[in-house]
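Listed below, chain by chain, are the residues.
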Amino acid sequence: MIPIAFDYVRPGTIDEAIAAVVAAGEDGKVISGGQSLMPVLRLRLAAPSTLIDVGSIAEMSGVTDAGDHLLIGSNTTHYAVMNDPLVKEHAPLLAQTAATVADPAIRHRGTFGGSLAHADPAGDLPTVALALEATIVAKGPNGTREIEAKDFFVDYFTSALEPDEILVSVKVPKLGKGWTTHYEKFNRTAQAWATVGVAAAVRRDNGTIAEARVALTNMGPSPVRASSVEAALTGADATVDAIAAASANAADGTRPTSDLHASAEFREHLARVLTKRAVVTAAGV
Amino acid sequence: MTETIATTDASPMGRPLRRKEDARLLHGQTNWTENIQLPGTLHMAILRSPMAHAKITHLDISAALERPHVVAAFSAKELGDLNGSVPCVWPVTDDIQMPAFPALAVDKVVHVGDCVAVVLATDKYAAADALDAIEVDYEPLPAVVDMEAAIQPGSPSVHDAADGSHGTNVCYTFPLQPQGPGAYEAAVAAAGDNAVVVKRRFINQRIIAGAMEPRAVVASPMGMSNEMTIWSATQIPHILRVLLALVTGLPENSLRVIAPDVGGGFGGKLQIYREEILAVQIARKLGRPVKWVETRSEDMVATHHGRDQIQQIEIAATKDGKFIGLKVEILANMGAYLQIITPGTPLLGMFMYPGIYKMDVYDFNCIGVFTNTTPTDAVRGAGRPEATFAIERIVDELAVELNMDPMALRKMNWITHEEFPYTTSAGLTYDTGNYEAATAKALDLFGYDALRAEQEQRRASGDPVQLGIGISTFTEMCGLAPSRTLGALKYVAGGWEHCTIRALPTGKIELITGTSPHGQGHETAWSQIASSILGVPVDDIEVVHGDTGRAPYGMDTYGSRSLAVGGQAIKKAAERLVEKARIIAAHQLECSGDDLEFVQGEFRVKGDPAKSQPLAAVAFEAFSAHNLPDGVEPTLQAEATVDPDDFSYPHGTHLCAIEVDTETGKATIRTYVAVDDVGVQVNPLIVEGQVHGGVACGIAQALYESVEYDKDGNLLTASLADYLIPSAVDLPSFTTDRTVTPSTTNSLGTKGVGEAGAIASPPAVINAVVDALRHLGVNDVRMPASPENVWRAIQVAQGGAK
C-alpha cells in the first residue's frame, strides 16, 4: 500500500474527535474500521490531509437496550452486531444482514456506523437501516443531531453528515410482535458487494399481510423503499402468487446503474425476483 | 551396466508426504523479493500510460527531480542506449511482424499501463509521489480493441509498418493442415449426405494469472567482483539470466539471477518484463541497488494476460456419429506487444483441438492480432485450455445434433487403450492412455444416471432451478520438452532439464535442480525421487533451486514440465551417483562392483549381508580420499541433463453437475468429479493439491473471471473488486481420484499435472450450464457464465429481444 502522505490522530473521546475534525478542516477524514477507506487510500483515489481515527473511542461502541429501540454505537463491528443477543432478538434483520457483509476478516474490523457513513449504494446495512426506519445520531461542534435514515442517504457515497460531524450511534427501533424479516442478497462471489439486495419486513395478520416494508440495495444512488410493492402488499393474501404480483412493481422508481456485474436492465429484473423471494421468506409463505 | 535400483517398502515414492517446505512458509520464515533490503537501495516507481493509444507530444521529467528524496528520473530520452528492447523468443513464422518493444515508450504508447517514465527515490512513497511531477502530453490516437475489427482493411493500426507507413494488425498467420490443404472439405464432401456438420463461434475470454505475490525485482551492482545480482519473483531465473545478458549487453557470466521464495506464477512470471530490464539498467547506471515491487493495480495492467481467442470451429461426423474431421480458425489476441512467447502461446494449443478423438482430417489456422491492450502470453494451460474448450464444447453440440448421449458419442470416437501409441490427425503421437478407465471411475463417483433422472424430473416439473450435466474427457500435451521439436517450431530455446546431486561428507545430500518452484512443492517431491534411489531419508536431502549462482543449469518451471522433465534428470543423476559410489564401495569391501547390491542406502555384498557399506561412509571416503581406487577422483557427485523424446500426455474425465437458477441466472456447482491420469504419482497429496487448484482456476474462468476493456481500450477490470476471483467459499468440494497409466516415454512413468485441472474444467462447467438450459432452447452461454450472461441466453432463446 502506497497512499499519499497524511497526518494521523487518534482521539480518545467523542469531544476530542470533534475537535480534531474541526481542526483538520475540509481535508480531514474520519476512519474507524477502515474497511472502505483503506482501499480508497491504497488506490490514491482520496488524499485526506488528516485521518481522525475514532476506532478506539469506547463510548462509540456497543449495543444497549433503550426501551423502544436499540442504541448501537457506531464503532460496533459487524461481527459484534451479528452476534449481539439484543440485535438478534429485536432487529434480526440487522443481525442476518451484518453476517452477509464481505468476509470474516472484514466483519471483525468493519463497523456499523462506518458502513452507514460511507453511504455506498451497494452497501447492505444502509438498506436495512432504511427498512427498519432507524435514526442516525450525529455529533458536531454545535451539538447532537438526529437524522432519519430516509433523509440520511443523499447520493452516491454521500450522507447528510456535515463535514464537521461524526456519526456516533444509531437508534434502531425494535420491531414489535408479529413482524418477520429477511434480507435477500444477490452477489457473484461470497465476498462481493450486493449486485442487488432486498430487505423485507412483514407483519402478518393470519392469512393476509397487514403491513410490509421493502428496501432495495444498489438500485440507485442510495437505498430506496419499494413503496409501490409495499402498497400492493398491504392487505394482500400471504400467498406466493400475491407476493409475486406485488413484486412485479419492485423496479418502479429505481435508478440502477450498469456496471461489470449487471446492466441496469438486469438489476431491474433481479429486483423483482429478489423482492418476491425476500417477502416470501420473510412472510414464511 | 543397467540394473534396476532396488527399492524397498521404505521407499517414499508414491507416498502422500506433507510438504517439507510448508512449515517454513507458514511460519513466515520466508524470503520474498520484497523482503530483500539492501543498503543504499533506490525504489523505482513507474509512470504508466492512462491512454490505450496516443502519441507522446511532450514529456519532461525534470520537475520530479526537485521532489524530496528523489535521486533520479528517466524517460526513454534520458535512458538513451540503456533503454533495452524487450525480447520475444518465439517468432512463429518467417514473416511475423515483430514491432519494437522498448522498456520505456519512446514516442507513443500502445496500451493502458505502457511504461512512460520512472522515478528513483530513497523510499517508495517518495518515488510514487514524484510521478505526479512528470509532465506528459498525449495526442490520442484511435484505439484498436476488437480483434475482428482490427484485421479489417482500414482499421487503425497498433504499430506502423517497418517503413513508417500504416501498419496491419495481423501479427502472423499460422496454418496447420497435416492432411494437406482442402483435405477437410474433401472429406466432408466425400461423405455426401451422410455428413453432419456443426459450426460454432466460441469466445475464450481474456483472464489474468493473478498470483498472490505480485511481481518484484531487486537489481544490485554490489555483488562480488563485477557481479550484478538480480532477485526477481520469476518462474524462470535461468532463462531470465540469458535474456538479460542479451538485452543489456552485460556479460552473462557477471549476472546472477535469484528467484527466492516466489508466491505463485500461473504463467504470469514466465516472462522477462520491462521492469526487470529497467531495474538492471538503472542499477548499472547509478551504481546502486534498484528495487521495484508491483502494486496490485499495476499487476492488472502490466503483468501479461492470457487466453483471449475468438474461435470458429466446425466438426463433421457421419450420421451414426463417427467423426470425420475438424476445422478450426482462431483469432488470437497478442495485445500491444510481443512478450517472451506471446505468438507461440495459442499455437501450444494447435495440436490439441482433436483432443482424445480419432478423425481423418484436421485443418487449423491461427491469426495473431495486435490490439491496444496489455500483451498476452502463457497463463496456466497456455493454448491448451482454449483448444480443449473448443473440442469438448462442440462434441456436446454435435451430440445434440445427432440426438445422441454426449458420453456415448465420446466413447464411439475416442482412442481406445489398445490403440496406443496413437498418432492423431494433428500429428502428435500419444504414448499411452486409458480413457475408458478414467471415465468409468468418474461415472461411478458421479452418479450419472441418478443425476440424469433428477434432471428429467426438474424439467418435467418446471422447477425454476434446472440441473445440467457437463462432460470433459480431456487430454493435453505438456512437459515442455523435446528441444528438437521446440526448435522445429521456431522456439529459440530448448526443453531439457538438469540435476546435480552431491553426497556430502556428513552423509547429507544436496540436490541441485534447474526447475524453479513457486508453490509446487518441488523440495518434497524431488527429495522423494532421490530418496527412493539413494536410500537416504527425505529429510536428509536439501533441494537447491532458483539461483543461477548455486544451480547454474536449468530451463525452469512452466508448462507442467518440472516433474515430467526435471524428474527424469533427478533419477538419472541419482543413478549415476550410485554407480560412482559402487566403485568406491567395492574397493572398500574388497570385492567386485558386480558383487554388490544397493539396498536401503547401503551397498551389501551379495550373499554376505553382514559385509556392507552405507552411502554416507562412501561419501566420506570420497571426501577424505585416503583410500580411493586408482583412477577414481575425490568427491561424490553426479549430474545429468535430460532432453525427453516427447511431450507428456496426461488425460482425465471431469464431470460437473450444476444447478442453474433460471430466474436469476446464477449457476451453482453441485458436484464436481475429476478423475485424472497423470501417470505415476511421486506424491499423491501434491497431485491432489494441483488438481484442486487447477480445477478451481478453470471453474473461475468458466463462471467468474474476465478481463474487460471499453471501446477506447480502458481496462474496466482494474482491481479485484471488478475482476472476480472466487474463493473457497464459492467453490464446491471436489471429488477427485486418479487412474494410473504410466507414461511409456518417461523414465519415471510420470506425466505433468500443474495445468490439467485448468485445461479440463471450463468445458465441463459450460457444458453443464448449457445442458441445464437446453430444453429452453439455449445452445451456448458465453464465458464467464455470469448470472447476466445466463439470463440473457435464456431471454434470447425464449424470443425476448435482448
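From a predicted model like this one, the values you see are computed outputs, not experimental measurements.

Trainee: Would you mind going over the side chain of Ser-247 of chain A with me for this structure?
Mentor: Residues and elements named next belong to chain A. Structurally, Ser-247 is set in helix 11 (residues 240–247). Here Ile-243 takes part through its backbone oxygen, which lies 2.8 Å from a polar atom of the side chain of Ser-247. Setting aside residues up to four positions removed in sequence, Ser-247 forms contacts with Val-229, Arg-272, Thr-275 and Lys-276.

Trainee: I tried to follow the domain arrangement of chain B on my own but got confused; where do I start?
Mentor: Size of an interface, as often reported, equals the accessible area lost when the parts are brought together. Residues and elements named next belong to chain B. Along its sequence, chain B is organised into domain 1 (22–30 + 496–642), domain 2 (33–141 + 214–262 + 269–302) and domain 3 (383–477 + 648–797). Taking the mean C-alpha position of each, domain 2 and domain 3 sit 39 Å from one another. Summing both sides of the interface, domain 2 and domain 3 together bury roughly 500 Å²; the carbon and sulfur share of this comes to 69%.

Trainee: Would you mind showing me how to read unusual backbone geometry here?
Mentor: Backbone phi values are negative for most residues with the exception of glycine, while trans is the configuration of most peptide bonds. Looking along the chain, the bond that leaves Phe-420 of chain B and enters Pro-421 of chain B is cis, with omega of -10°. You can see Pro-421 of chain B is positioned in the loop between helix 11 (406–413) and strand 16 (422–423). Looking along the chain, the bond that leaves Met-783 of chain B and enters Pro-784 of chain B is cis, with omega of -10°. Here Pro-784 of chain B lies in the loop between helix 19 (756–773) and helix 20 (787–797). With a phi close to 55°, Phe-157 of chain A is a non-glycine residue in the positive phi region. With respect to the secondary-structure elements, Phe-157 of chain A resides in the loop between strand 8 (153–155) and strand 9 (158–159). A positive phi angle, near 55°, is found at Phe-266 of chain B, a position not held by glycine.

Trainee: Just checking my understanding: could you explain the sheet that holds strand 8 (residues 195–208) of chain B for this structure?
Mentor: Hydrogen bonds between backbone groups are what pair the strands of a sheet, and the pairing can be parallel or antiparallel. Residues and elements named next belong to chain B. Pairing is mixed across the open sheet formed by five strands, whose spatial order is 7-15-14-13-8. Each of the sheet's edge strands pairs with one partner strand only, and the pair in question is strand 7 (170–176) and strand 8. On average, adjacent strands in this sheet sit at an angle of 10° to one another, irrespective of strand direction. With six bridges connecting them, strand 7 and strand 15 (residues 361–370) associate as antiparallel partners.

Trainee: Can you help me understand the nonpolar core in this one?
Mentor: Most often, soluble globular proteins keep nonpolar side chains buried together rather than apart. All names here are of chain B. If you look at the biggest cluster of nonpolar residues, it comprises 151 residues, and the most contacted ones within it are Met-44, Tyr-353, Phe-364, Ile-658, Tyr-672 and Leu-703. The element that contributes the greatest number of residues to this core is helix 10 (residues 384–402), accounting for nine residues. Mapped onto the domain boundaries, this core takes at least three residues apiece from domain 2 (33–141 + 214–262 + 269–302) and domain 3 (383–477 + 648–797). Excluding residues that lie within four positions of it along the chain, Met-44 makes contacts with Val-118, Val-119, Leu-120, Glu-275, Leu-278, Ala-279, Ile-282, Val-290, Lys-291 and Trp-292. Ala-530, Ala-569, Ile-584 and Phe-598 belong to the second largest nonpolar core, which has 42 residues in total.

Trainee: Help me understand the packing of helix 12 (residues 264–283) of chain A against helix 20 of chain B, please; the structure alone is not making it clear to me.
Mentor: Contact pair helix 12 of chain A / helix 20 of chain B: the axes reach a minimum separation of 11 Å and the direction vectors enclose 85°. Taken together, the axes of helix 12 of chain A and helix 20 of chain B are roughly perpendicular relative to one another. From helix 12 of chain A, Glu-265, Phe-266 and His-269 of chain A reach across to helix 20 of chain B, where they touch Pro-787, Glu-788, Trp-791 and Arg-792 of chain B. Looking at side-chain class alone, the contact of helix 12 of chain A with helix 20 of chain B contains three nonpolar, one polar and three charged residues.

Trainee: Hey, could you run me through the sheet that holds strand 19 (residues 497–503) of chain B in this one?
Mentor: All names here are of chain B. Ordered by their spatial adjacency, four strands build an open sheet running 21-20-19-25, and the pairing between neighbours is mixed. Taken across any chain shown, the strands that pair with only one partner, and hence form the sheet edges, are strand 21 (541–544) and strand 25 (637–642). Neighbour to neighbour, the strand axes of the sheet diverge by 15° on average, direction disregarded. In terms of strand pairing, strand 20 (residues 509–513) meets strand 21 through four bridges, oriented parallel. Of the residues in strand 21, the one forming a bridge with Glu-510 is Glu-542. Each of strand 19, strand 20 and strand 25 is contacted by helix 16 (residues 562–589), which is oriented at about 145° to strand 25, the strand it contacts most.

Trainee: What exactly am I supposed to notice about the domain arrangement of chain A here?
Mentor: All names here are of chain A. Domain boundaries assigned for chain A yield domain 1 (7–53), domain 2 (59–173) and domain 3 (179–283). Once you take the C-alpha centre of each, domain 2 and domain 3 turn out to be 21 Å apart. Opposite the 24 residues of domain 2 that make contact, domain 3 presents 23 residues. In this assembly, domain 2 packs against domain 3 so that about 1900 Å² is buried in total across both faces, 55% of it on carbon and sulfur atoms. At the junction of domain 2 with domain 3, the criterion picks out three salt bridges. Two residues, Asp-124 and Lys-185, come together in a salt bridge whose shortest N-O distance is 2.7 Å. Seen at the junction of domain 2 and domain 3, the total is 14 residue pairs in polar contact (both at pLDDT 80 or more). Every element with two or more residues in the side of domain 2 that touches domain 3 is listed here: helix 5 (92–98), helix 8 (124–131) and strand 8. At six residues, helix 8 tops the list of elements feeding residues into the side of domain 2 that touches domain 3.

Trainee: I'm lost on helix 7 (residues 237–248) of chain B in this one. Help?
Mentor: An α-helical turn contains 3.6 residues, so any two residues separated by three or four positions project in the same direction. All names here are of chain B. Over its twelve residues, helix 7 extends 16 Å from the first C-alpha to the last, a length consistent with the 16 Å expected when each residue adds 1.5 Å. Where burial is concerned, most of helix 7 is hidden: ten out of the twelve residues are buried. Considered for burial, the residues of helix 7 that qualify are Pro-237, His-238, Ile-239, Leu-240, Arg-241, Leu-243, Leu-244, Ala-245, Val-247 and Thr-248. Each element contacted by the buried residues of helix 7 is listed here: strand 10 (228–232), strand 11 (255–258) and helix 8 (274–286). Directly beyond the C-terminal end of helix 7, a positive phi value near 80° is found at Gly-249.

Analysis parameters
Residues numbered from 1 in each chain as written. Chains lettered and ligands numbered in written order. Predicted model: local features only at pLDDT ≥ 70, side-chain atom pairs only at ≥ 80, totals over all residues. Heavy atoms only, no water. Helix = DSSP H or I, 4+ residues; strand = E, 2+ residues; numbered from the N terminus. Polar contact = N/O pair within 3.5 Å; in protein donor to acceptor, adjacent residues only side chain to side chain. Contact = heavy atoms within 4.5 Å. Domains from an automatic or database assignment. Buried area = accessible area lost by both parts, 1.4 Å probe. Pairing = 2+ DSSP bridges. Axes fitted to C-alpha atoms, helices over the stretch in contact; angles between N-to-C directions. Core = buried A, V, L, I, M, F, W, Y, C linked by side-chain atoms within 4.5 Å. Buried < 20%, exposed > 50% of the residue type's maximum accessible area, 1.4 Å probe, protein only. Parallel < 35°, antiparallel > 145°, perpendicular 65-115°, else oblique. Nonpolar A, V, L, I, M, F, W, Y, C, P; charged D, E, K, R; others polar. Salt bridge = Lys/Arg side-chain N within 4 Å of Asp/Glu carboxyl O. Expected span 1.5 Å × (residues − 1).

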